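The residues making up each chain are set out below.
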Amino acid sequence: MRPIALSAFLSIACLLPAFSETKVWPEFMGPGGSGRSEATGIPTEFGPETNLKWSVDLPGRGWSSPVSDGVSLWLTAAVEVFPDEEERLRLLRESGEEEKKFKQRQVATGINLVVFEVELATGSLKRRLDFESIESPQTIHTQNSFASPTPVLFEELVIAHFGAFGTFAIDRQSGETVWERKIVIEHGVGPGSSPVVDDGILFLICDGVDAQFVEALDARTGETIWRTDRPEMRAPIGDRKKSYNTPVVITPTATGRKEVVCMGAQWLIAYDPKDGREIWSLDHGSGFSVVPRPAFSEANQLLYVATGFGQSELLAVKPGQGMLDPDSDLAWKETKRIPTRPSPLLVGEELFVISDGGVATCFDAATGAIHWTERVAGNYSGSPVAVGDRIFFSSMEGAVTVIKASPTFNPLVRNELGEMIMATPVPLDESLLIRTEAGLRCFSE
């Protein structure tokens, strides 16, 4: 394992102040996972022939979003080799999949894990880094990819996480692999949880059908700091125990203590980031395959979580100590039109969600009162993001609808890109980055 060079760290540290903070997007949904940006120069109207700054097609496939260090964009993909239909069915039978799920599963005979570096200013492909080639990987859902987790930036590293297929820490200057790990679990429908780093600790939610736990690694070396198993679950089968959530690190005012919050099937748990000890937990019911990343309100001291597949609910949780009460420790909850994939978005005093089927709702974040509920055409997988007082909803069908972040529904424009969008947009100064099925598109005023 190659040690991290101090000179390399200093060279990157010297570069960063030259760039506005609004050109840096270090993790899924941006700094702290808020999904909010004060970037400038981002158009409301855009498309293939409108405000397109640059466009780059990329080989392979991935639903991860790019991350930005202010100079380069980093994103992951998997170059896949698919069997013909006859071979696909044979492989599914041999894997033990239920025949009723065959239409929902995609099989690859091989994948090559890739990280791309793209120049932010021009869109030129600076580097393609090829990692492990995997024969006969786990099957995944037809709407997932083998490269869905978004990378995370830490010091001079970009850490690319492919779930059970591998985690790789790359020196951004040299392109060399500093460390790599493989934490093997059976995802069920493919990887989805994005990595998060805080105080030099890399947090990975590993909720598979065979095992469920959270693992914390030293972000500089890849060595395990702690691993904590999830509590026992009522679900009789592993398919109802799996999950695909991304952690969020919070510091409740009442304690002044950092907590890493990891949502999963049945359980919402806050861990001590240093040793993995459970600080508090909430039995939220029977939800599973939880994707939406939690949002935390500093003003209201509430944590907003969606409970996943089953009967998805939106809960406003009061962080506390020990086992929380599902009645007294909830400020409010809503059971209708709640997403199972897009994350909730907190903007000022309002909380915005969009269901998978395209019904958007604006809540009063403190009370749960509904300001409005409106249909936004399309189906949704990527999460909404806010730029100032505008919210961007990107549909799987390739349309991006822009509305005002307001307690009154105020749609501004619907932009048709004509390409499937599964990833969450990334807003930077003078650059709205949208990853499509084919590549990366950058729009600017």
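Residues numbered from 1 in each chain as written. Predicted model: local features only at pLDDT ≥ 70, side-chain atom pairs only at ≥ 80, totals over all residues. Heavy atoms only, no water.

## Regarding the overall build of the chain
Rules: Helix and strand definitions follow DSSP, with helices as H or I runs of at least four residues and strands as E runs of at least two, each counted in order from the N terminus. The size measure is the radius of gyration over C-alpha atoms, and the globule rule it meets is 2.2 Å times the number of residues to the 0.38 power. Burial status follows relative accessibility: with a 1.4 Å probe on protein chains alone, a residue under 20% of its type maximum counts as buried, one over 50% as exposed, and anything between as partly exposed. Two residues qualify as a contact provided that any one of their heavy atoms is within 4.5 Å of a heavy atom in the partner residue. Note on areas: these come from Shrake-Rupley sampling with a 1.4 Å probe, and a residue is covered only by the protein chains present in the view. Neither His nor the chain ends is counted toward charge; the positive residues are Lys and Arg and the negative residues Asp and Glu. Charge placement uses NZ in Lys and CZ in Arg. For Asp and Glu, CG and CD serve respectively.
A tally of regular secondary structure across the chain gives 2 helices and 37 strands. A compact globule built from 445 residues would reach a C-alpha radius of gyration of about 22 Å, and the chain, at 21 Å, matches this within 12%. With the principal axes as the frame, the chain shows a C-alpha extent of 55 × 50 × 50 Å. Taking all 445 residues of the chain together, the buried fraction comes to 60%. Expressed as a percentage of contacts within the chain between residues at least 6 apart in sequence, the contacts between residues at least 24 apart total 57%. Taken as a whole, the chain presents about 16900 Å² of accessible surface, with 50% of it coming from carbon and sulfur. Looking at charge distribution, the chain has the averaged site of its 41 positive side-chain charges lying 2 Å from that of its 61 negative ones.

## Thoughts on the sheet that holds strand β16 (residues 212-218)
Convention followed: Paired strands, in this sense, are two strands between which DSSP finds at least two bridges. Angles run from 0 to 180 degrees between N-to-C directions of axes, and those axes are lines fitted to C-alpha atoms, restricted for helices to the stretch in contact.
Pairing is antiparallel across the open sheet formed by 4 strands, whose spatial order is β14-β15-β16-β17. Looking at strand neighbours, the two that pair on one side only are β14 (196-198) and β17 (224-229), the edges of this open sheet. Across the sheet, the mean angle separating the axes of adjacent strands is 20 degrees when strand polarity is ignored. As paired elements, strand β15 (residues 201-207) and β16 share 7 bridges and run antiparallel to each other. In the sheet register, L202 faces β16, and the bridge partner there is L217.

## Side note on the nonpolar core
Counted only if it meets this: Here the nonpolar core consists of buried residues drawn from Ala, Val, Leu, Ile, Met, Phe, Trp, Tyr and Cys, with membership extended through side-chain atoms lying within 4.5 Å.
Counting 20 residues, the largest nonpolar core has L113, V115 and F162 as its most contacted members. Residue assignment for this core shows that the elements contributing at least two residues are β5 (72-81), β7 (110-119), β8 (125-135), β11 (157-161) and β12 (167-171). Excluding residues within four positions of it along the chain, V115 makes contact with W74, L75, T76, R127, R128, L129, F131, A160, F162 and I170.

## Points about the pattern of salt bridges
The following threshold applies: For this analysis, a salt bridge means a side-chain nitrogen from Lys or Arg found within 4 Å of a carboxyl oxygen belonging to Asp or Glu.
Scanning the model with the defined rule gives 24 salt bridges in all. Linking D69 and R172 is a salt bridge whose minimum nitrogen-to-oxygen distance equals 2.9 Å. One end of the pair, D69, is in strand β4 (residues 67-69); the other, R172, is in the loop between β12 and β13 (177-181), and 103 residues separate them in sequence. Both residues of the pair, D69 and R172, belong to the buried class. K242 is the salt-bridge partner of D239, the closest N and O atoms lying 2.7 Å from each other. Three or more residues joined by partner-sharing salt bridges are found here, namely D57, E419 and R441.

## Notes on unusual backbone geometry
Unusually for a residue other than glycine, E155 sits at a positive phi of about 50 degrees. For E155, the position within the fold is in the loop between β10 (152-154) and β11. Relative accessible area serves as the criterion here: at 29%, E155 is assigned to the partly exposed category. For R337, which is not a glycine, the phi torsion comes out positive at approximately 60 degrees.

## Side note on the side chain of S343
Note the following rule: Two N or O atoms count as a polar contact when they lie within 3.5 Å, although within protein this holds only if one can serve as hydrogen donor and the other as acceptor, and sequence-adjacent residues are included solely when both atoms are side-chain atoms.
On the secondary structure map, S343 appears in the loop between β26 (330-334) and β27 (345-347). A distance of 2.8 Å separates a polar atom in the side chain of S343 from the backbone nitrogen of R293. What S343 contacts, discounting residues up to four positions off in sequence, is F28, M29, P292, R293, S383 and P384.

Read these as geometric descriptors, not functional statements.
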